[in-house]
Amino acid sequence: MITREEIRKTANEIGLDLVGFTHAGELERIREILEERERCGYLSGMEPGSRDDRICPGLHLEDVKSIIAVGLSYKFPPGGCEKQGDCPKGVLSGFAVGEDYHRVIESRLEQLALYIKSRIKGFRYSIMVDTGPLVDREVAYRAGIGWYGKNCSIICPGFGSGILLGEMLTNIELEPDTPGSGECGACTLCIDTCPTGALIAPYTLNAKKCISYLTQMRGIVPRELRPKMGTSIYGCDRCQQACPHNRDTISFKDRDNAIDLIELLQMDKREFNKKFGTRSLAWRGLNVLKRNAVIALGNFKKEEGLDILASISKHPSPMLRAHAAWAVGRIGGSRAVRILQNMLDCEKDADVRSEAELSLKEVRERRIT
Ligand code: SF4
Ligand code: SF4
């Protein structure tokens, strides 16, 4: 026999800030929402598993009876661009600062499982943190961890929305908590703040337009969305930074989220793994982050960015060359024209050529050559 209070106390001691319990029935409330988002094309395509995988706990642990939902609080970084001297900085989302939270929460949940195992014979469990199929936010909501804000984040009393989520499916019976409750009222700050219009309505996110997704997707970022990304290198906190529920609970003082764009663009894989290998931002690989750094340099619109962009315009990756052509054009000026003409003199890739041609046309139309 083990009580909820014993589990909660141990989880808190292990370093999990929030703990809630829910039954193992289907997450039926969101079946229709997922169907609707699929129909409208609002899912990012990075969601793990089928729709049933995402809502049926029983598919992931035989005899599952309860789910222990947990939350780990994190701080938001300061908003806006960073620039120190001639060294332009990119911005990392708060959840990407420090060690990969997937590993941190997983390891703490494993410690919790060991404790429960020592008390309950035949205890079985399965752990999920973000990359598991179940919809973490819905599990957290149903387990009373928090409630949905209009920005689609889970807002937790005393912690705001700066919470990373995970869960443990178990074969033991635990009394469920009541679902989270709270409301945004007339506030629409997150929707008004979102640069890309990804929050198309309260509680509805078009993930394909969300900067957090754009910084993690592979390949070419839609040209019209690049200016909206500002200097984001990984993730986006804007709709959470704007939220009044985060004002009193989140420190904006931490500045470890600034990343040197030139240093990132000059890194090789070995240096990258040494510096960032244990962080969540490493999962998509170096070239995706370099692409984001190229976009950030374009959005800085400073001529000092042209040196490194000229060198990226000869990079073996067509993806990086294509974004470099855009960034050079966005900075503009006579040197930008020369770099773009040089690219067109030797570029063979059709997509890169069309990016460079369009950029050259745009620079000339701005009549700043
Ligand atoms: S994370 Fe950024 S882009 Fe995504 S909805 Fe929030 S403000 Fe918009
Ligand atoms: S910014 Fe306002 S509307 Fe958006 S989640 Fe926060 S309280 Fe709700």
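Reading the values: rules and limits
Residues numbered from 1 in each chain as written. Chains lettered and ligands numbered in written order. Predicted model: local features only at pLDDT ≥ 70, side-chain atom pairs only at ≥ 80, totals over all residues. Helix = DSSP H or I, 4+ residues; strand = E, 2+ residues; numbered from the N terminus. Rg over C-alpha atoms; globule rule 2.2 N^0.38 Å. Buried ≥ 20, exposed ≤ 12 C-beta atoms within 10 Å, placed from the backbone. Near = placed C-beta within 6 Å. Nonpolar A, V, L, I, M, F, W, Y, C, P; charged D, E, K, R; others polar. Pairing = 2+ DSSP bridges. Domains from an automatic or database assignment. Axes fitted to C-alpha atoms, helices over the stretch in contact; angles between N-to-C directions. Contact = placed C-beta atoms within 7 Å. Parallel < 35°, antiparallel > 145°, perpendicular 65-115°, else oblique.

Draft legend 1. Main features of the overall build of the chain. For the chain, the helix and strand inventory stands at 15 helices and 12 strands. Computed over its C-alpha atoms, the radius of gyration of the chain comes to 23 Å, within 12% of the 21 Å expected for a compact globule of 369 residues. By principal-axis analysis of the C-alpha atoms, the chain measures approximately 75 × 45 × 40 Å. Out of the 369 residues in the chain, the part that is buried amounts to 43%.

Draft legend 2. Spotlight on the site of ligand 1. Taken together, 13 residues lie near ligand 1, and C194, C210, C236, R238 and C239 sit nearest. Residues belonging to the shell around ligand 1 are distributed by class as follows: eight nonpolar, four polar and one charged.

Draft legend 3. Summary view of the pairing of strand β8 (residues 163-170). In terms of burial, β8 is a largely internal element, eight of the eight residues being buried. Here β8 shows two buried faces, one formed by I163, L165, E167 and L169 and the other by L164, G166, M168 and T170. Sheet analysis places strand β2 (residues 66-73) next to β8, joined by eight bridges and oriented antiparallel. What sits directly across from V70, in β8, is G166.

Draft legend 4. Spotlight on the site of ligand 2. Taken together, G149, K150, N151, C184, C187, T188, L189, C190, A242, C243, P244 and H245 make up all the residues around ligand 2. Here the residues of the shell around ligand 2 sort into seven nonpolar, four polar and one charged.

Draft legend 5. Highlighting unusual backbone geometry. Not every positive phi belongs to a glycine, and D130 is a case in point at roughly 65°. Mapped onto the fold, D130 is located in the loop between β5 (125-128) and α5 (136-142). Residue K301 is not a glycine yet carries a positive backbone phi of 55°. Tracing the chain through its elements places K301 in the loop between α11 (286-300) and α12 (306-312). Owing to 13 C-beta atoms within 10 Å, K301 belongs among the partly exposed residues under this scheme.

Draft legend 6. Spatial organisation of the domain arrangement of the chain. Assigned domains of the chain: these are domain 1 (4-74 + 98-170) and domain 2 (301-369). Centre-to-centre separation of domain 1 and domain 2, based on C-alpha positions: 45 Å.

Draft legend 7. Examining the environment of K274 more closely. On the secondary structure map, K274 appears in helix α10 (residues 269-276). In this structure the C-alpha to C-alpha distance between K274 and D100, which are 174 residues apart in sequence, comes to 14 Å.

Draft legend 8. The arrangement of the sheet that holds strand β1 (residues 18-23) in detail. Overall, antiparallel pairing links the four strands, which are arranged β1-β2-β8-β5 in an open sheet. On the outer flanks of this sheet lie β1 and β5, each paired with one strand and no other. Direction aside, the axes of adjacent strands within the sheet are offset by 20° on average. Where β5 meets β8, four bridges bridge the pair, whose relative direction is antiparallel. Bridge pairing links S126 to L169 in β8. Along the sheet face, helix α1 (residues 4-14) touches β1 and β2 and points at about 145° away from the line of β1. Where helix α4 (residues 101-119) meets the sheet, it contacts β2, β5 and β8, and its direction lies at approximately 35° from that of β8.

Draft legend 9. Structural context of the packing of α11 against helix α13 (residues 318-331). Their axes nearest at 8 Å, the elements α11 and α13 cross at an angle of 10°. If you check the angle between α11 and α13, you find them roughly parallel. Side by side, α11 and α13 meet where N287, K290, R291, V294, I295, L297 and G298 of the first sit next to M319, L320, H323, A324, W326, A327, R330 and I331 of the second. Of the residues belonging to the contact of α11 with α13, the class tally is nine nonpolar, three polar and three charged.

Draft legend 10. Representation of the packing of α13 against helix α15 (residues 350-365). Where α13 contacts α15, the two axes come as close as 8 Å, and the packing angle between them is 5°. With respect to their mutual orientation, α13 and α15 come out roughly parallel. Here α13 contributes P318, R321, A322, A325, W326, V328 and G329 to the contact with α15, which in turn contributes D351, V352, E355, A356, S359, L360, E362 and V363.

Draft legend 11. Highlighting the environment of I155. Relative to the elements of secondary structure, I155 occurs in strand β7 (residues 154-155). Assessed through the 26 C-beta atoms surrounding it within 10 Å, I155 is described here as buried. With 112 residues separating them along the chain, I155 and L43 place their C-alpha atoms 21 Å apart. With residues up to four places along the chain from it excluded, the contact list for I155 reads G146, W147, G149, G160, S161, G182 and H245.

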